[in-house]
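Chain by chain, the residues run as shown.
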Amino acid sequence: MALPAQIAVSFDFTNGATFGYNGFVIGDAKYGILGTNTLGDSSSPEPVIDLTPNVYEISITRGRNIQRDQYEAGQCTVRVLDPLSYFNPQNTASPYYGKLVPLRKVRVSATTATTQKYLFSGYAIEYRYTYPVNQDTGYVDIVCQDAFRLFNMANVNTITDSGAGQTTGTRIGKILNQVSFPTSMRTIAAGANTCIADPATTRTSLAAIKNAEFSETGAFYMDTSGTAVFKSRAQVMASLATAPTAFNQTGGIPYKNLKYAFDDKLIINQANLGRVGGTVQVVTNQTSVDKYFPHSVTQTDLVAETDTIVSEIAKEYISSRQETTIRIDEMTVDLLDPAVPTDTMLGLDYFSNLLITNIQPDGSTIVKNLQFQGVNWSITPNKMTVNITTLEPIADGFIVGSSYYGIIGTNTLGY
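Keep in mind that this is a model prediction, so the values were computed, not measured.

Parameters and conventions
Residues numbered from 1 in each chain as written. Predicted model: local features only at pLDDT ≥ 70, side-chain atom pairs only at ≥ 80, totals over all residues. Heavy atoms only, no water. Pairing = 2+ DSSP bridges. Helix = DSSP H or I, 4+ residues; strand = E, 2+ residues; numbered from the N terminus. Axes fitted to C-alpha atoms, helices over the stretch in contact; angles between N-to-C directions. Contact = heavy atoms within 4.5 Å. Buried < 20%, exposed > 50% of the residue type's maximum accessible area, 1.4 Å probe, protein only. Polar contact = N/O pair within 3.5 Å; in protein donor to acceptor, adjacent residues only side chain to side chain. Phe/Tyr/Trp six-rings, centres within 6.5 Å; stacked < 30°, edge-to-face > 60°. Core = buried A, V, L, I, M, F, W, Y, C linked by side-chain atoms within 4.5 Å.

The subject of this paragraph is the sheet that holds strand β16 (residues 281-284). Across the sheet, 3 strands lie side by side as β16-β15-β17; this open sheet has mixed pairing. Each having just a single partner strand, β16 and β17 (296-302) make up the two edges of the open sheet. Each neighbouring strand pair of the sheet contributes to a mean axis angle of 10°, computed without reference to strand direction. Across 5 bridges, strand β15 (residues 270-275) lies against β17 in parallel orientation. Bridge pairing in β17 places Ala271 opposite Val297. With respect to the sheet, helix α6 (residues 307-319) is in contact with β15, β16 and β17, its orientation differing from that of β15 by roughly 155°.

Next up, the structure:
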(Lines give C-alpha, C1' and ligand atoms only; values in the text may rest on other atoms or scores of the structure.)
Protein backbone atom coordinates (compact mmCIF):
# COMPACT_ATOMS: atom_id res chain seq x y z
CA MET A 1 0.00 0.00 0.00
CA ALA A 2 1.31 3.44 -0.94
CA LEU A 3 1.96 5.90 1.86
CA PRO A 4 -0.58 8.75 2.18
CA ALA A 5 2.22 11.32 1.93
CA GLN A 6 5.41 11.45 -0.09
CA ILE A 7 8.32 11.22 2.34
CA ALA A 8 11.63 12.87 1.48
CA VAL A 9 14.96 12.93 3.30
CA SER A 10 17.63 15.50 2.47
CA PHE A 11 21.25 15.52 3.63
CA ASP A 12 23.19 18.79 3.66
CA PHE A 13 27.00 18.65 3.73
CA THR A 14 27.53 22.36 4.36
CA ASN A 15 28.73 23.96 7.57
CA GLY A 16 26.54 26.06 9.84
CA ALA A 17 23.14 25.74 11.47
CA THR A 18 21.01 27.14 8.62
CA PHE A 19 18.98 24.70 6.56
CA GLY A 20 18.71 25.08 2.79
CA TYR A 21 21.06 25.48 -0.14
CA ASN A 22 23.49 28.37 0.21
CA GLY A 23 25.43 28.08 -3.06
CA PHE A 24 25.95 30.80 -5.66
CA VAL A 25 23.46 31.05 -8.53
CA ILE A 26 24.08 33.85 -11.05
CA GLY A 27 21.13 36.21 -11.32
CA ASP A 28 19.26 34.64 -8.41
CA ALA A 29 17.96 37.18 -5.86
CA LYS A 30 18.46 34.75 -3.01
CA TYR A 31 21.43 32.60 -4.03
CA GLY A 32 23.36 35.11 -6.16
CA ILE A 33 24.60 37.47 -3.44
CA LEU A 34 28.34 38.10 -3.48
CA GLY A 35 29.85 37.77 -0.03
CA THR A 36 26.91 35.69 1.18
CA ASN A 37 26.60 32.67 -1.10
CA THR A 38 29.40 30.24 -1.87
CA LEU A 39 31.07 29.54 -5.22
CA GLY A 40 31.16 25.79 -5.88
CA ASP A 41 33.35 23.64 -8.13
CA SER A 42 32.54 20.90 -10.59
CA SER A 43 34.33 18.20 -8.57
CA SER A 44 32.13 18.67 -5.51
CA PRO A 45 28.76 16.91 -5.11
CA GLU A 46 25.60 18.89 -4.64
CA PRO A 47 25.71 20.33 -1.11
CA VAL A 48 22.17 19.04 -0.47
CA ILE A 49 21.43 15.52 -1.66
CA ASP A 50 18.23 13.49 -1.75
CA LEU A 51 18.61 10.29 0.26
CA THR A 52 14.99 9.24 -0.26
CA PRO A 53 15.51 6.45 -2.85
CA ASN A 54 17.73 4.49 -0.44
CA VAL A 55 15.89 5.24 2.80
CA TYR A 56 14.39 2.13 4.34
CA GLU A 57 13.19 3.30 7.75
CA ILE A 58 12.65 6.55 9.66
CA SER A 59 12.03 7.01 13.37
CA ILE A 60 11.40 10.47 14.85
CA THR A 61 10.88 11.32 18.54
CA ARG A 62 10.16 14.82 19.81
CA GLY A 63 8.40 16.13 22.87
CA ARG A 64 8.09 17.17 26.46
CA ASN A 65 9.38 14.90 29.19
CA ILE A 66 6.32 14.62 31.42
CA GLN A 67 8.27 13.97 34.62
CA ARG A 68 11.08 16.46 34.06
CA ASP A 69 8.40 18.90 32.88
CA GLN A 70 10.51 20.30 30.05
CA TYR A 71 11.10 19.90 26.33
CA GLU A 72 14.02 17.72 25.37
CA ALA A 73 16.11 17.36 22.22
CA GLY A 74 14.20 15.85 19.32
CA GLN A 75 15.86 12.83 17.75
CA CYS A 76 15.59 11.18 14.35
CA THR A 77 17.19 7.99 13.02
CA VAL A 78 17.23 7.45 9.25
CA ARG A 79 18.26 4.01 7.97
CA VAL A 80 19.88 4.30 4.54
CA LEU A 81 20.71 1.27 2.37
CA ASP A 82 24.24 1.64 1.03
CA PRO A 83 24.83 -0.78 -1.89
CA LEU A 84 27.73 1.25 -3.31
CA SER A 85 29.38 1.95 0.07
CA TYR A 86 29.00 5.70 -0.43
CA PHE A 87 28.66 6.10 3.34
CA ASN A 88 31.93 4.31 4.03
CA PRO A 89 34.07 7.25 5.23
CA GLN A 90 37.20 5.50 3.93
CA ASN A 91 35.82 4.89 0.44
CA THR A 92 37.80 7.36 -1.69
CA ALA A 93 35.54 6.59 -4.65
CA SER A 94 32.47 7.85 -2.82
CA PRO A 95 31.18 11.24 -3.98
CA TYR A 96 30.76 12.03 -0.27
CA TYR A 97 34.36 11.19 0.66
CA GLY A 98 35.70 13.71 3.16
CA LYS A 99 32.27 15.20 3.74
CA LEU A 100 30.79 12.58 6.08
CA VAL A 101 31.42 14.37 9.33
CA PRO A 102 29.20 14.88 12.38
CA LEU A 103 26.64 17.68 12.62
CA ARG A 104 25.67 17.77 8.96
CA LYS A 105 22.05 18.80 8.41
CA VAL A 106 19.23 16.30 7.86
CA ARG A 107 15.60 17.03 7.08
CA VAL A 108 12.56 14.78 6.76
CA SER A 109 9.48 16.13 5.00
CA ALA A 110 6.02 14.83 4.13
CA THR A 111 4.10 16.12 1.10
CA THR A 112 0.52 15.56 0.01
CA ALA A 113 -1.45 17.10 -2.83
CA THR A 114 -2.41 20.02 -0.58
CA THR A 115 0.34 20.48 2.00
CA GLN A 116 4.03 20.05 2.77
CA LYS A 117 5.31 19.76 6.32
CA TYR A 118 8.69 19.02 7.82
CA LEU A 119 8.61 16.17 10.31
CA PHE A 120 12.14 16.84 11.56
CA SER A 121 15.10 19.15 11.00
CA GLY A 122 18.34 18.46 12.82
CA TYR A 123 22.00 17.53 12.75
CA ALA A 124 23.71 14.16 12.32
CA ILE A 125 25.44 13.20 15.57
CA GLU A 126 26.39 9.62 14.68
CA TYR A 127 26.74 7.28 11.72
CA ARG A 128 26.12 3.65 12.71
CA TYR A 129 27.38 1.26 10.04
CA THR A 130 26.03 -2.29 9.79
CA TYR A 131 27.00 -5.04 7.37
CA PRO A 132 24.71 -7.99 8.12
CA VAL A 133 26.06 -11.51 7.71
CA ASN A 134 25.00 -13.12 4.40
CA GLN A 135 23.57 -9.84 3.17
CA ASP A 136 25.21 -8.08 0.25
CA THR A 137 23.89 -4.62 1.03
CA GLY A 138 25.02 -2.85 4.15
CA TYR A 139 23.22 0.10 5.69
CA VAL A 140 23.95 3.11 7.83
CA ASP A 141 21.74 4.56 10.55
CA ILE A 142 22.13 8.34 10.57
CA VAL A 143 21.27 9.43 14.11
CA CYS A 144 20.29 13.09 14.41
CA GLN A 145 19.25 15.57 17.06
CA ASP A 146 17.73 19.02 16.76
CA ALA A 147 19.48 22.27 17.75
CA PHE A 148 19.10 21.53 21.47
CA ARG A 149 22.23 19.47 20.87
CA LEU A 150 24.07 22.57 19.64
CA PHE A 151 22.89 24.65 22.60
CA ASN A 152 23.89 21.94 25.07
CA MET A 153 27.43 21.81 23.66
CA ALA A 154 27.99 25.58 23.75
CA ASN A 155 28.90 27.03 27.14
CA VAL A 156 28.28 30.69 27.91
CA ASN A 157 29.58 32.92 30.66
CA THR A 158 28.79 36.60 30.27
CA ILE A 159 25.86 37.25 27.93
CA THR A 160 26.48 40.42 25.91
CA ASP A 161 23.93 43.23 26.34
CA SER A 162 21.92 41.47 29.07
CA GLY A 163 21.19 44.07 31.69
CA ALA A 164 18.44 44.08 34.29
CA GLY A 165 14.89 44.70 33.14
CA GLN A 166 15.00 42.68 29.92
CA THR A 167 11.98 40.53 29.22
CA THR A 168 12.49 36.79 29.17
CA GLY A 169 12.14 36.64 25.39
CA THR A 170 14.71 39.38 24.90
CA ARG A 171 17.10 37.51 27.20
CA ILE A 172 16.66 34.30 25.22
CA GLY A 173 17.42 36.25 22.05
CA LYS A 174 20.65 37.56 23.58
CA ILE A 175 21.71 34.02 24.51
CA LEU A 176 21.03 32.84 20.96
CA ASN A 177 23.10 35.77 19.70
CA GLN A 178 25.93 34.70 21.99
CA VAL A 179 26.11 31.27 20.34
CA SER A 180 25.55 32.73 16.83
CA PHE A 181 22.29 30.90 16.18
CA PRO A 182 20.79 32.38 12.97
CA THR A 183 18.17 35.08 13.46
CA SER A 184 16.32 33.66 10.46
CA MET A 185 15.66 30.50 12.48
CA ARG A 186 13.96 32.05 15.49
CA THR A 187 10.39 32.82 16.50
CA ILE A 188 10.82 34.43 19.91
CA ALA A 189 7.98 36.08 21.83
CA ALA A 190 8.83 39.09 23.97
CA GLY A 191 7.60 37.52 27.20
CA ALA A 192 5.97 39.34 30.10
CA ASN A 193 8.33 38.78 33.02
CA THR A 194 11.59 40.65 33.38
CA CYS A 195 15.07 39.39 34.26
CA ILE A 196 17.95 40.39 36.47
CA ALA A 197 21.26 41.29 34.85
CA ASP A 198 22.90 38.12 33.57
CA PRO A 199 24.66 36.43 36.51
CA ALA A 200 27.78 35.70 34.40
CA THR A 201 28.18 32.12 35.55
CA THR A 202 29.47 29.34 33.34
CA ARG A 203 26.66 27.12 32.09
CA THR A 204 25.43 25.66 28.85
CA SER A 205 23.48 27.99 26.60
CA LEU A 206 20.59 25.53 26.81
CA ALA A 207 20.57 25.80 30.61
CA ALA A 208 20.61 29.60 30.36
CA ILE A 209 17.67 29.53 27.95
CA LYS A 210 15.69 27.11 30.11
CA ASN A 211 16.23 29.37 33.12
CA ALA A 212 14.59 32.26 31.25
CA GLU A 213 11.85 29.91 30.00
CA PHE A 214 10.99 28.83 33.56
CA SER A 215 11.14 32.46 34.72
CA GLU A 216 8.30 33.17 32.26
CA THR A 217 6.29 29.96 32.67
CA GLY A 218 6.62 29.81 28.92
CA ALA A 219 7.79 27.21 26.42
CA PHE A 220 11.05 26.98 24.47
CA TYR A 221 11.49 24.24 21.87
CA MET A 222 12.66 23.47 18.34
CA ASP A 223 9.89 23.08 15.79
CA THR A 224 9.92 20.63 12.90
CA SER A 225 11.49 23.15 10.48
CA GLY A 226 14.48 23.67 12.79
CA THR A 227 13.27 27.01 14.12
CA ALA A 228 13.84 27.92 17.77
CA VAL A 229 10.44 28.86 19.24
CA PHE A 230 9.74 30.67 22.49
CA LYS A 231 6.12 31.07 23.56
CA SER A 232 5.31 33.52 26.31
CA ARG A 233 3.04 32.60 29.20
CA ALA A 234 0.23 34.53 27.49
CA GLN A 235 0.69 32.55 24.27
CA VAL A 236 0.74 29.25 26.16
CA MET A 237 -2.55 30.15 27.84
CA ALA A 238 -4.06 31.51 24.61
CA SER A 239 -3.43 28.16 22.93
CA LEU A 240 -6.20 26.71 25.11
CA ALA A 241 -8.80 28.69 23.18
CA THR A 242 -8.12 26.90 19.87
CA ALA A 243 -10.82 24.45 18.79
CA PRO A 244 -9.70 20.86 19.48
CA THR A 245 -9.25 18.10 16.92
CA ALA A 246 -11.58 15.21 17.75
CA PHE A 247 -10.31 11.65 18.14
CA ASN A 248 -12.91 8.95 18.82
CA GLN A 249 -14.39 5.67 17.64
CA THR A 250 -17.58 7.12 16.17
CA GLY A 251 -16.80 9.74 13.54
CA GLY A 252 -13.65 11.48 14.73
CA ILE A 253 -10.11 10.47 13.83
CA PRO A 254 -9.66 6.77 14.72
CA TYR A 255 -6.86 5.68 17.04
CA LYS A 256 -5.56 2.60 18.82
CA ASN A 257 -3.31 1.61 21.74
CA LEU A 258 -4.70 4.23 24.10
CA LYS A 259 -2.52 4.34 27.23
CA TYR A 260 -4.18 5.50 30.43
CA ALA A 261 -2.55 6.58 33.66
CA PHE A 262 -4.02 7.53 37.01
CA ASP A 263 -1.27 8.15 39.54
CA ASP A 264 0.50 10.81 41.56
CA LYS A 265 3.66 11.29 39.51
CA LEU A 266 2.67 14.72 38.14
CA ILE A 267 1.36 16.16 41.42
CA ILE A 268 3.20 19.21 42.76
CA ASN A 269 1.79 20.77 45.94
CA GLN A 270 4.88 22.46 47.37
CA ALA A 271 7.10 24.87 45.44
CA ASN A 272 10.39 26.29 46.70
CA LEU A 273 11.53 28.75 44.09
CA GLY A 274 14.29 31.30 44.37
CA ARG A 275 16.06 33.82 42.17
CA VAL A 276 19.68 34.94 42.11
CA GLY A 277 20.06 37.41 44.97
CA GLY A 278 16.52 36.89 46.24
CA THR A 279 14.63 35.08 48.97
CA VAL A 280 13.24 31.61 48.36
CA GLN A 281 9.49 31.80 47.82
CA VAL A 282 7.59 28.90 49.38
CA VAL A 283 4.06 28.12 48.20
CA THR A 284 2.08 25.15 49.53
CA ASN A 285 -1.41 23.85 48.86
CA GLN A 286 -2.21 22.25 52.19
CA THR A 287 -5.38 20.56 50.96
CA SER A 288 -3.36 18.71 48.34
CA VAL A 289 -0.63 17.87 50.86
CA ASP A 290 -3.20 16.44 53.25
CA LYS A 291 -4.73 14.38 50.46
CA TYR A 292 -1.62 13.16 48.60
CA PHE A 293 1.32 13.83 50.98
CA PRO A 294 4.02 16.36 50.01
CA HIS A 295 5.16 16.48 46.39
CA SER A 296 7.77 19.21 46.07
CA VAL A 297 9.66 21.07 43.37
CA THR A 298 12.74 23.16 44.09
CA GLN A 299 14.29 25.57 41.62
CA THR A 300 16.91 28.11 42.63
CA ASP A 301 19.07 30.66 40.81
CA LEU A 302 16.22 31.82 38.57
CA VAL A 303 16.87 34.97 36.55
CA ALA A 304 13.44 36.49 37.29
CA GLU A 305 13.92 40.10 38.35
CA THR A 306 11.87 40.23 41.57
CA ASP A 307 10.70 37.97 44.37
CA THR A 308 7.14 38.93 43.47
CA ILE A 309 7.56 37.42 39.99
CA VAL A 310 9.01 34.25 41.52
CA SER A 311 6.12 34.03 43.99
CA GLU A 312 3.57 34.30 41.18
CA ILE A 313 5.37 31.59 39.20
CA ALA A 314 5.25 29.31 42.26
CA LYS A 315 1.53 29.97 42.78
CA GLU A 316 0.72 29.21 39.15
CA TYR A 317 2.89 26.10 39.17
CA ILE A 318 1.02 24.73 42.19
CA SER A 319 -2.43 25.70 40.92
CA SER A 320 -1.98 23.69 37.73
CA ARG A 321 -0.40 20.61 39.38
CA GLN A 322 -1.95 20.25 42.84
CA GLU A 323 -4.57 17.70 41.73
CA THR A 324 -4.53 14.55 39.65
CA THR A 325 -7.04 12.91 37.35
CA ILE A 326 -7.09 10.07 34.88
CA ARG A 327 -4.75 10.83 31.99
CA ILE A 328 -4.42 9.63 28.44
CA ASP A 329 -0.65 9.64 28.08
CA GLU A 330 -0.40 8.27 24.56
CA MET A 331 -2.31 7.03 21.55
CA THR A 332 -1.36 5.62 18.15
CA VAL A 333 -2.77 6.76 14.81
CA ASP A 334 -2.22 4.74 11.62
CA LEU A 335 -2.08 7.03 8.61
CA LEU A 336 -2.69 4.09 6.25
CA ASP A 337 -6.25 4.04 7.60
CA PRO A 338 -8.32 5.88 4.95
CA ALA A 339 -10.45 7.41 7.74
CA VAL A 340 -7.40 9.32 9.03
CA PRO A 341 -7.02 12.81 7.45
CA THR A 342 -3.33 13.00 6.55
CA ASP A 343 -3.13 16.80 6.33
CA THR A 344 -4.68 17.17 9.78
CA MET A 345 -2.18 14.76 11.32
CA LEU A 346 0.77 16.47 9.63
CA GLY A 347 -0.46 19.84 10.93
CA LEU A 348 -0.49 18.89 14.61
CA ASP A 349 2.31 20.14 16.82
CA TYR A 350 2.94 21.28 20.38
CA PHE A 351 -0.09 22.99 21.96
CA SER A 352 -2.57 21.63 19.43
CA ASN A 353 -5.74 20.78 21.39
CA LEU A 354 -7.05 17.22 21.18
CA LEU A 355 -10.50 16.07 22.29
CA ILE A 356 -10.20 12.33 22.90
CA THR A 357 -13.26 10.21 23.57
CA ASN A 358 -13.08 6.52 24.43
CA ILE A 359 -16.12 4.27 24.79
CA GLN A 360 -15.65 1.67 27.50
CA PRO A 361 -16.97 -1.93 27.23
CA ASP A 362 -20.00 -1.10 29.40
CA GLY A 363 -20.92 1.88 27.23
CA SER A 364 -19.57 4.55 29.60
CA THR A 365 -17.07 7.04 28.19
CA ILE A 366 -13.81 8.70 29.09
CA VAL A 367 -13.48 12.18 27.58
CA LYS A 368 -10.32 14.27 27.87
CA ASN A 369 -9.44 17.62 26.33
CA LEU A 370 -5.64 17.56 26.22
CA GLN A 371 -2.75 19.14 24.38
CA PHE A 372 -0.36 17.57 21.92
CA GLN A 373 3.06 17.55 23.64
CA GLY A 374 5.07 14.79 22.00
CA VAL A 375 5.32 12.63 18.92
CA ASN A 376 6.98 9.48 17.64
CA TRP A 377 6.84 8.83 13.90
CA SER A 378 7.57 5.35 12.55
CA ILE A 379 7.87 5.23 8.76
CA THR A 380 8.87 2.48 6.33
CA PRO A 381 7.87 1.87 2.69
CA ASN A 382 4.74 0.08 3.97
CA LYS A 383 4.06 1.81 7.29
CA MET A 384 3.30 5.31 8.56
CA THR A 385 2.19 5.49 12.18
CA VAL A 386 2.44 8.20 14.79
CA ASN A 387 2.35 7.87 18.57
CA ILE A 388 1.08 11.08 20.14
CA THR A 389 1.95 12.04 23.71
CA THR A 390 -0.67 14.19 25.41
CA LEU A 391 -0.65 16.32 28.55
CA GLU A 392 -2.89 18.56 30.57
CA PRO A 393 -2.06 22.26 29.91
CA ILE A 394 1.38 23.18 31.27
CA ALA A 395 0.03 26.54 32.48
CA ASP A 396 -3.47 26.98 33.88
CA GLY A 397 -5.63 29.87 32.78
CA PHE A 398 -9.18 31.13 32.43
CA ILE A 399 -10.47 31.40 28.85
CA VAL A 400 -13.65 33.47 28.60
CA GLY A 401 -16.34 31.59 26.68
CA SER A 402 -14.52 28.26 26.70
CA SER A 403 -16.57 25.24 27.75
CA TYR A 404 -13.35 23.57 28.95
CA TYR A 405 -11.25 26.40 30.44
CA GLY A 406 -13.84 29.07 31.23
CA ILE A 407 -15.56 27.44 34.19
CA ILE A 408 -15.81 29.70 37.26
CA GLY A 409 -14.64 27.90 40.37
CA THR A 410 -12.71 25.33 38.34
CA ASN A 411 -10.27 27.22 36.12
CA THR A 412 -7.72 29.67 37.47
CA LEU A 413 -7.19 33.29 36.56
CA GLY A 414 -3.57 33.69 35.48
CA TYR A 415 -1.31 36.49 36.66
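From this point, the discussion proceeds with the structure in view.
This part takes up the pairing of strand β7 (residues 138-145). Of all 8 residues in β7, 8 are buried; the element is thus mostly enclosed. Here β7 shows a buried face lined by Gly138, Val140, Ile142 and Cys144 and a second buried face lined by Tyr139, Asp141, Val143 and Gln145. Of the strand pairs in this sheet, strand β4 (residues 70-82) and β7 are connected by 8 bridges, and their pairing is antiparallel. Opposite Gln75, over in β7, you have Gln145 as the bridge partner.

Here the focus is the pairing of strand β20 (residues 365-380). Where burial is concerned, most of β20 is hidden: 13 out of the 16 residues are buried. Across 6 bridges, strand β3 (residues 55-65) lies against β20 in antiparallel orientation. The residue bridging Ile60 from the neighbouring strand is Trp377, located in β20. Pairing analysis gives 7 bridges linking strand β19 (residues 353-359) to β20, with the strands arranged antiparallel. What sits directly across from Leu355, in β20, is Asn369. Connecting the antiparallel pair β19 and β20 is a turn made up of 5 residues, with Gly363 showing a positive phi of about 95°. Inspection of the sheet shows β20 paired to strand β21 (residues 383-391) by 9 bridges, in the antiparallel sense. The residue of β21 that forms the bridge with Asn376 is Asn387. As consecutive antiparallel partners, β20 and β21 are separated by 2 residues.

Our next topic: the side chain of Gln373. Assignment of secondary structure puts Gln373 in strand β20. A residue is classified by how much of its surface remains accessible, and Gln373, at 0% relative accessible area, is buried. Polar contacts involving the side chain of Gln373 include one to the side chain of Tyr71, which spans 2.6 Å. Apart from residues no more than four positions distant in its own chain, Gln373 is found in contact with Gly63, Arg64, Tyr71, Tyr350, Phe351, Thr389, Thr390, Leu391 and Ile394.

Moving on, we come to the packing of aromatic side chains. Under the definition given, this model contains 17 aromatic pairs. Between Phe19 and Tyr123 the ring centres are 5.4 Å apart and the planes differ by 40°, which places this aromatic pair in the tilted class. Here Tyr123 lies in strand β6 (residues 116-130) and Phe19 lies in the loop between β1 (6-12) and β2 (48-50), a separation of 104 residues in the sequence. Each of the two residues, Phe19 as well as Tyr123, counts as buried. Both rings, one in Phe151 and one in Phe181, keep their centres 5.1 Å apart while their planes meet at 70°; by these two values the pair is edge-to-face.

On to helix α2 (residues 168-178). Within α2, 8 of the 11 residues are buried, which leaves the element mostly enclosed by the surrounding structure. Residues Thr168, Gly169, Arg171, Ile172, Gly173, Lys174, Ile175 and Leu176 constitute the buried set of α2. On its buried face, α2 sits against α1 (148-153), β9 (186-188), α3 (205-214), β11 (219-222) and β12 (228-231). Directly beyond the C-terminal end of α2, a positive phi value near 60° is found at Ser180.

Formed by 84 residues in total, the largest nonpolar core has its most connected members in Ile142, Phe151, Phe181, Phe247, Val333, Met345 and Trp377. Residues Ala271, Val283, Val297 and Ile313 belong to the second largest nonpolar core, which totals 14 residues.

Attention now moves to α3. Of all the 10 residues making up α3, 9 are buried; the element is thus mostly covered by neighbouring parts of the structure. Every buried residue belonging to α3 is among Ser205, Leu206, Ala208, Ile209, Lys210, Asn211, Ala212, Glu213 and Phe214, and all of these are buried.

On to unusual backbone geometry. The phi torsion at Ser85 lies on the positive side, around 60°, for a residue other than glycine. Assignment of secondary structure puts Ser85 in the loop between β4 and β5 (105-111). You will see that Asp301, though not glycine, has its phi angle at about 60°, which is positive. Positionally, Asp301 belongs in strand β17. Judged by its relative accessible area of 49%, Asp301 is partly exposed.

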